[in-house]
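Below, each chain spelled out in residue letters.
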Amino acid sequence: MRSPLYLSQKSRRTHDQPISYFMQQAVENPNLISLAAGLVDAESLPAEEVAQAAEAVLRDPVRGKTALQYGTTQGLAPLRDLLVRRLAEADGIEPTALRLSADDCIITTGSQQVLYLVSEALLDPGDIVITGAPSYFVYHGTLKSMGVRTYAVPCDADGMDTHALAALLRRLNRRELARLRLIYVVDYFDNPTGSTLSLPRREHLMELVRRYSQEHRILVLEDSAYRELRYDGPDLPSLKSFDPDNEFVVLTQTFSKPLAPGFRIGYAVVPGELRDPLLRLKGNHDFGSSNFSQHLLLHLLTSGAYDRHVERLRDVYRRKRDVILAALKEHFPADCGVTWLRPNGGLYVWVSFPHEVDTGPQGRLLQAALEAGVLYVPGAFCYLDDLAERVPSHEARLCYGVASEAALREGVRRLASAYHQVTACPELTVSASR
Ligand SMILES: Cc1ncc(COP(=O)(O)O)c(C=O)c1O
């Protein structure tokens, strides 16, 4: 018999995502329409533009060889410079107004690496992190692996409820406040709710962070993964733009959604004192993200191909968003008690069923949905399970990124059929011919 293999405490705190099982089902069953997977639209992936960028980079005798060599841990300097300038431009300010330069930017392996590295740099077991309820469930897994305690603040159509955040901060005792390190917010077209943090709440959040950072600094981890996927409404200024001395906000953005996840490139803009600790940790992880991807990306950005692509992509997703919303309206009449938030961007629609309908893995709806051939993310997966309240289990996240328009219509029809089966909602028309 083999002798036992001892795993580290961190490894033992690191679990499979609950969603993995369902994703596996989708892979194994090609007839299943997955409205669960948070993948991007495959048709619009910019293969031609990337081929041209690769050709241009590799045919240049100096650049081609440089791109195939190791890069630096922090990432390609002209790319960092450009990203900081583009961020300031999106916020309508000069980088100097925020005391930002390329030095404050780190190129990472997707924004997931930022979430992990920032957590690793700031958090010890027993420290406290505040997230939205609901919020991005993959990050919950990271937090659990770090052994931290979490509080969750309710989110609505305007993002995190900052009055509830203020009430939570008032409730924390001195010892707890001393352990509070981080507030995590997905502030544009949130995953899973699709909602965007409103302007007054942005101001309020930053005011709270400053007010409660008397004895030590509480940082905001601003995850703006979906900022560029905006279909309606004005662009709001980043939380970073409310941080003129670059003290309180770590901003992360990714090229996975607006360009292609295959690049595995994201970046962080970080307060000065955090940069070197993050770089030392990143050095231990990978001493630099794909140099080749970074050179391609720089070419795509400077040639204008990236901006043209994002413009086209917005049209693709706007249409898909409209298709899924129209299908929901058609198949879930108003008196069925099913409601959803209308997203102005991103990839997700957050659907609320009546409280007695359990959308979770033990509930009848998910089983019926799988039998009908459609998959969604149970809402309960998007809540941290140590929230003081009972975790709601009557919601679902639908992703309209990957399915075709026809599959979105059919997927919602199947979901409605499953819902009809478990609730016998009388008004519902579920004929397959519609
Ligand atoms: C809110 C949010 N943050 C971060 C990520 C991580 O993405 P990536 O590592 O590809 O940048 C995702 C991916 O779905 C996400 O939805």
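Right above here is the structure, for reference.
A word on the nonpolar core
Right, on to step 1. Membership of the largest hydrophobic core comes to 59 residues, with the highest contact counts inside it found for Phe-332 and Phe-353.
Right, on to step 2. Of all the secondary structure elements, the ones that give two or more residues to this core are α13 (305-331), β11 (348-352), α14 (364-372), β12 (374-375), β14 (395-399) and α15 (405-423).
Right, on to step 3. Taken together, domain 1 (9-45 + 308-423) and domain 2 (70-303) each give at least three residues to this core, which thus spans both.
Right, on to step 4. Counting residues in hydrophobic clusters, the runner-up holds 31 residues, among them Ala-54, Ile-107, Leu-259 and Leu-296.

Description of unusual backbone geometry
Right, on to step 1. The omega torsion across Ala-133 and Pro-134 is 5 degrees, close enough to zero to call that bond cis.
Right, on to step 2. Structurally, Pro-134 is set in the loop between β3 (128-133) and α7 (137-146).
Right, on to step 3. Across the junction of Asn-191 and Pro-192, the peptide omega takes the value 25 degrees, indicating a cis bond.
Right, on to step 4. Along the chain, Pro-192 falls in the loop between β6 (180-185) and α10 (199-211).
Right, on to step 5. If you check the backbone angles, Arg-264 has positive phi at about 50 degrees while not being a glycine.
Right, on to step 6. For Arg-264, the location among the structural elements is in the loop between β8 (249-254) and β9 (266-269).

Examining the sheet that holds strand β10 (residues 339-340)
Right, on to step 1. In space, the four strands of this open sheet follow the order β10-β11-β14-β13, with antiparallel pairing throughout. Bordering the open sheet on either side are β10 and β13 (377-378), each of which pairs with just one other strand.
Right, on to step 2. The sheet contact formed by β11 and β14 spans five bridges and is antiparallel. Bridge pairing in β14 places Val-349 opposite Leu-398.

Scoring rules and cut-offs
Residues numbered from 1 in each chain as written. Predicted model: local features only at pLDDT ≥ 70, side-chain atom pairs only at ≥ 80, totals over all residues. Heavy atoms only, no water. Core = buried A, V, L, I, M, F, W, Y, C linked by side-chain atoms within 4.5 Å. Buried < 20%, exposed > 50% of the residue type's maximum accessible area, 1.4 Å probe, protein only. Helix = DSSP H or I, 4+ residues; strand = E, 2+ residues; numbered from the N terminus. Domains from an automatic or database assignment. Pairing = 2+ DSSP bridges.

Any functional reading would require information that these geometric values do not contain.
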